[in-house]
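# Descriptive structure summary
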Amino acid sequence: MKKIKTIIPAPPKGHWVGDGFPVQPVFSGMAFTREISPFLMLDYVQPAVFTPTLRQRGVGPHPHRGFETVTISYRGEIEHADSVGNVGIVGPGDVQWMTAGSGIVHKEMHSSTFSRNGGTMEMVQLWVNLPAKYKMIAPRYQPILSRDIPIIKLTNDCATVRVIAGKFKEVVGPASTFSPIDLWDIDLKSGGSMEFSVRNSDTTMLFVRKGRLVVGDVVVNAQEVALFAHEESIVRLDAQEDVSALFMSGEPIHESIVARGPFVMNFEEEIRQAMIDYQNGEMGQMAD
Ligand code: MN
């Protein structure tokens, strides 16, 4: 059985992204390190109640280059618009997989309907690195609707797995990725257990949104992230409470990482170039 190498504790405090997203940076000090490659960062908006308003909360136009943002809504609606001309709503269960590549400017707002009605928002945004050879490709946008994401019920009926990317027991998820990545939502009932195998060269992580589970004799609580050891390939999870968790496993990218704000490249010089290119409007532009 695969063991846990490190538990990343729940972050002591969060911060706001714009005025729409009170996030917990759940990878804490491990964010942007080689140790968790190809994953870079995971922001979690734990269930947050917003009052009705006539203006839209969120984060206005800003650029990205060199990686991908994966936004999953669990509750509430996010409205996306970008400099390439894509617009869309990410509603409950939907996933937006955006490849910033050479550069994109986008805004991420509460949808107008959600803003007007108010309600509860719960979502995650995972940043996935791109191998150097893909960092400067044209931006790409994959709007993945909940109904297009396969859900597997395990035979003992205590667990469901929603396959966003990669595959779970031969069921393939809809997201297209630039390096091998498994990304699944796991729900496991209290007292239930499940086993599955992963490539043991992968970086394998589990973020517990709700509930509590154990791996061997190690307890993983809500808001904690388990980083698994590379040895062994069978993962076994035993739920002590009803659990909802995000499972991530990906082939490490063995390249240097330089992350500055919205840009993630391999070298400082490339960050300076990204700032110049953004200021020159080469990542596109959009109105507030
Ligand atoms: Mn963004």
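Let me sum up the structure you'll find in this document. The structure presented is a predicted model; accordingly, all values stated were derived computationally and were not measured.

About the criteria used
- Residues numbered from 1 in each chain as written.
- Predicted model: local features only at pLDDT ≥ 70, side-chain atom pairs only at ≥ 80, totals over all residues.
- Heavy atoms only, no water.
- Donors = N, O, S within 2.8 Å, 3.2 Å for Na, K, Ca; no water.
- Helix = DSSP H or I, 4+ residues; strand = E, 2+ residues; numbered from the N terminus.
- Buried < 20%, exposed > 50% of the residue type's maximum accessible area, 1.4 Å probe, protein only.
- Contact = heavy atoms within 4.5 Å.
- Expected span 1.5 Å × (residues − 1).

On to the coordination of the manganese ion. Bound to the manganese ion are the protein donor atoms H62 (NE2), H64 (NE2), H106 (NE2) and E108 (OE), situated 2.1 to 2.3 Å from the metal. In primary-sequence terms, the residues that donate to the manganese ion follow H-x1-H-x41-H-x1-E. Highlighted residues: H64 in strand β5 (residues 58-64) and E108 in strand β10 (residues 104-110), separated in sequence by 44 residues. Considered together, H64 and E108 belong to a single accessibility category, that of buried residues.

Another point: the environment of F263. By the element assignment, F263 lies in strand β26 (residues 263-265). A relative accessible area of 4% places F263 in the buried class. The sequence separation of F263 and R209 amounts to 54 residues, and the corresponding C-alpha distance is 27 Å. Contact partners of F263, with chain neighbours within four places excluded, come to P63, H64, R65, F67, V258, I271, A274, M275, Y278 and M283.

Here the focus is helix α2 (residues 268-279). Given a rise of 1.5 Å per residue, twelve residues ought to cover 16 Å, and the 17 Å separating the end C-alpha atoms of α2 matches this to within 8%. Where α2 is buried, its residues meet β25 (258-260) and β26. Just downstream of α2 lies G281, where phi reads positive at about 80 degrees.

Across the chain, the bulk of peptide bonds are trans and the bulk of non-glycine residues have phi less than zero. Of note, the amide linkage connecting S37 to P38 takes the cis form, showing an omega dihedral of 15 degrees. Within the element layout of this structure, P38 appears in the loop between β3 (21-25) and β4 (39-50). Within the chain, S28 stands out as a residue other than glycine whose phi angle is a positive 45 degrees. With respect to the helices, strands and loops of the structure, S28 is situated in the loop between β3 and β4. Judged by relative accessible area, which is 31%, S28 ranks as partly exposed.

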